[in-house]
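Summary of the model geometry
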Amino acid sequence: MNALKKYMGLVWVILGPLSIHYLLQTASSEILKKPGIDTQIQWGVFIGVFYPIAIGFILFGLYALEGNYDHLPEASEELDDYDVKPL
Amino acid sequence: MDNNNETKGIWKVIGASSLGTLIEWYDFYIFGSLAVVIANQFFPKTNPTAALLSTLATFAAGFIVRPFGALVFGRLGDLVGRKYTFLLTLVLMGGSTFAIGCIPNYEHIGFLAPILVLILRLIQGLALGGEYGGAATYVAEHSPAHRRGYFTSWIQTTATLGLFISLGVILLTRHMLDADAAKSIAKFNDWGWRIPFLISIILVVVSIYIRLKMKESPLYTKLKTEGKTSVNPLKESFGHKANLKMVLLALFGATMGQGVVWYTGQFYAQSFIENVCKVEFDQSRTVIIWAILFATPFFVVFASLSDKIGRKWIMIVGMLLAVLSYNYLFTNLYDTVDVKNKTEIVEKKEVKTTVTLIAATTDSIRKVVTKTFYTDGMSQVQTKTDTAYSTPGKTTKKPIVATSKTISSSDYWKMVGVVFILILYVTMVYGPIAAFLVELFPTKIRYTSMSLPYHIGNGVFGGLTPFIATLLTTIYVDNKIVGLMYPIIIGTICMIIGAIYINNKIDPEVNR
C-alpha cells in the first residue's frame, strides 16, 4: 500500500500543473471568445482561487512521494509531535 | 464514567450550538435562493444576464471568502476560546443579513446599492467561515469518544435544514402578501423579498441569548488552565509539516469531494430542475423541500454508523455512488418532464397574442403565450416575446422564450425520489465528516486546522459547483448534463485519494 501511495504521489504532482494549464487555456479562450468585464472577472476569480489550490495539490503529491503518508497518526500522543517537528 | 454522566448536558450543548449554526446557514442561503430577485433590485437592469451573473459572482464571493473566515476566526477560537468566537460570528452573520434587508435598491441610491450588498455578502462569508468549525469543535469536545459521530451529526443536519427553512420561508412569504397569488408574487419581488432577511434578526437575538449562557469547551478550558494553548495557531497548523500534511489530506481526500456532492445534490439539483427541466418556481423548490425532509434523518444514521465501523468507507462509498450515478439520475430528472415523452391534448391548446405599440415608434412588442396540456396532467406555458417591426422584412433575430412547466403529481413524486437519492449521498459524505475532521487535529489548533480544509472543500469546490456547472452548459450548449462533469471529476479524484491515503481507525483518546 505504501508503494501505491508513493506512485500515486507522482500522479498528483503531474496533475497539479496540468490543471493549472487547462484552467489558463480555457480562461484565455473564453475571454477571447466573449471579451467583456463579466467574463474577465469570472475567469479571474477562478484562476485566483484554484491556482493556490493546485499548488497545494502539488505539495500533497510531493509529500506522498516522500513517504509522509506511509504512516498516519493513530493516537493522540502522535498528534503532540506537531510541537517538535517544524517544517 | 458511565454513559449517563458522560452525556449529561450534551443535549443542551448540541441544541445551543445547532440552533446558532442553523440560523447562520439560513442567513447564508436566503441570499442564494433569491439571486434573481436580488439581481433585479441591486444590479443595473440593462442586461439581465449581467445582472444575474453579478449576483452569482457575489454569491460565489460569499463562498470564496469562507476560507479566510476560517483562518481569522479559527485562529481566534484557538487563542481566546470557542464560545466567544462563535458568538462573534453569529453577531456578524445576523447583523449583515438584517442589513441586506434594509438596503435601498439601485434605483434609489445607484451603485452604492450593489457595493453595499457585496460588502455585506463578504461579511456573511467570513462569519460562516468561522462558525462551523467552532460549533463542530465545541460539540465534539463535549462528546464521549465512542459517540462523537452521533453527537456531531446534529451539527451536520443544520446546513441542510438551513436550506430547508430558507426555501420554506421564501415560499410562505411569496404567497402570503396578498389574497391574489399573482399580486402576492409581484409584491414579493418588489419589497417582500426583504422579509426573510429582516426576520433573521429575531432568530439571531434568541440564539445569542442562548449561546451567552453556554460554558467554554471543557477541553479548551483544561488546556488554558494548564497554559498549553497555542500561541500561534496559524504557524502550528500550517507551518509544521506533520500538521500541514493532514490539512492537505483532509482537503483532497475528504472535504473536496464532500463539497461537490453536497452542492450537486441540493443547489445544482434545484437549479437543474428549474432552469434545465423548466419546472415552475414553487414546484422546483417544494421537490427539494420534501427530499430534504425525508433524507435529513440519514445524517444521524450514517454518522452513528461511523462510530461503529469508522468514518472513511461511509464517505468513500457516498462519493463512489454519487460519481457513478449522477449522469443517470440527472438524465432521469430531465426525461421525466421532457415534452418529447408526453402526449399532447391538441384540442386543449391555448394561444394568446398581445401586441403593444412602442412609444414614439411604429414598432410593437409582440407577446405570444402558448399553453399546452398533456395527457398525464402536465401543462406547459411558453411565452415568446419579440419585436414586430413596421419595416417590411425586418424581424427580431433572437426572440426571448420563457418556458414554465407545471408537472403532474406522479412526475412530481418521481422527482422527489431522485432528489432524495441525491441527498442520501450528501448524508453519507457529510454526516461523519465533522467527527472525522475533529479527530485529525489536536485540541490546541483544532479550530484553525479543521476550519480551513472544510471551507475550501465545502465553500470553494462545493460552493462554486452551480456556477461552474452552469458555465459549462454555456460552453457546451448541446449537452444538457455537461455541468455534471465538474462534480464527477472532483468527486472521483477525492474518492481515490481518500481510499488510498485516509485511515479508518478512530482514535478513542483524541479529546485531549
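Given the structure is predicted, the values throughout are model-derived calculations rather than measurements. (Residues numbered from 1 in each chain as written. Chains lettered and ligands numbered in written order. Predicted model: local features only at pLDDT ≥ 70, side-chain atom pairs only at ≥ 80, totals over all residues.)

All right, on to the overall build of chain B then. When helices and strands are tallied, chain B shows 23 helices and four strands. Since a compact globule built from 512 residues should have a radius of gyration of about 24 Å, the 24 Å found for chain B is in line with a globular shape. In terms of principal-axis extent, the alpha carbons of chain B reach across some 85 × 50 × 40 Å. Buried residues in chain B amount to 52% of all 512 residues. The contacts in chain B between residues at least 6 apart in sequence include a share of 80% that link residues at least 24 apart. (Helix = DSSP H or I, 4+ residues; strand = E, 2+ residues; numbered from the N terminus. Rg over C-alpha atoms; globule rule 2.2 N^0.38 Å. Buried ≥ 20, exposed ≤ 12 C-beta atoms within 10 Å, placed from the backbone. Contact = placed C-beta atoms within 7 Å.)

Residues and elements named next belong to chain B. One way to put it is that helix H8 (residues 112-140) packs onto helix H20 (residues 433-440) with a least axis distance of 10 Å and a crossing angle of 80°. Compared by their axis directions, H8 and H20 come out roughly perpendicular. In this structure, H8 uses Ala136, Thr137 and Ala140 to contact H20, whose residues at the interface are Ala434, Ala435 and Val438. Across the contact of H8 with H20, the residue classes break down as five nonpolar, one polar and no charged. (Axes fitted to C-alpha atoms, helices over the stretch in contact; angles between N-to-C directions. Parallel < 35°, antiparallel > 145°, perpendicular 65-115°, else oblique. Nonpolar A, V, L, I, M, F, W, Y, C, P; charged D, E, K, R; others polar.)

All names here are of chain B. Membership of the largest hydrophobic core comes to 149 residues, with the highest contact counts inside it found for Val139, Phe252, Met319, Val419, Val429 and Leu437. Tallying contributions element by element places helix H15 (residues 241-276) first for this core, with 19 residues. If we skip the residues at most four places from it in the chain, Val429 touches Gly257, Gln258, Val261, Met315, Gly318 and Met319. (Core = buried A, V, L, I, M, F, W, Y, C linked by C-beta atoms within 7 Å.)

On to helix H1 (residues 2-33) of chain A, then. Helix length check: H1(A) (32 residues) gives 46 Å between terminal C-alpha atoms against 46 Å at 1.5 Å per residue, within 8%. Buried residues of H1(A): A:Gly9, A:Trp12 and A:Gly16, and no others. (Expected span 1.5 Å × (residues − 1).)

Any two packed helices are characterised by the angle at which their axes cross and by the distance between the axes. All names here are of chain B. Where helix H6 (residues 82-102) meets H8, the axes come as close as 8 Å, and the angle between the chain directions of the two elements is 150°. Judged by the inter-axis angle, H6 sits roughly antiparallel to H8. Where H6 crosses over H8, the two elements pack in a sense that is left-handed. Of the residues contributing to the contact of H6 with H8, the split by class is 14 nonpolar, eight polar and two charged. (Left-handed = near helix turned anticlockwise from the far one by under 90°.)

The side chains of a regular strand alternate between both faces of the sheet. Residue and element names in this part refer to chain B. Relative to strand S3 (residues 379-388), strand S2 (residues 364-373) runs antiparallel, the two sharing 10 bridges. Among the inter-strand pairings, Thr372 is bridged to a residue of S3, identified as Gln380. Hairpin geometry of S2 and S3 is characterised by an intervening segment of five residues between the two adjacent antiparallel strands and by a positive phi of about 105° at Gly377. (Pairing = 2+ DSSP bridges.)

On to the domain arrangement of chain B, then. Residue and element names in this part refer to chain B. Partitioning chain B into domains gives domain 1 (3-337 + 408-501) and domain 2 (346-403). Here the C-alpha centre of domain 2 lies 40 Å away from the C-alpha centre of domain 1. Taken together, the contacts link six residues of domain 1 with four residues of domain 2. Per-class residue counts for the side of domain 1 that touches domain 2 are one nonpolar, three polar and two charged. (Domains from an automatic or database assignment.)

Residues and elements named next belong to chain B. Here four strands make up an open sheet; going across it, the order is S1-S2-S3-S4 and the pairing antiparallel. Pairing within the sheet leaves two strands with one partner each, and these edge strands are strand S1 (350-357) and strand S4 (400-406). Strand after strand, the sheet turns through a mean of 15° between neighbouring axes, direction not considered.

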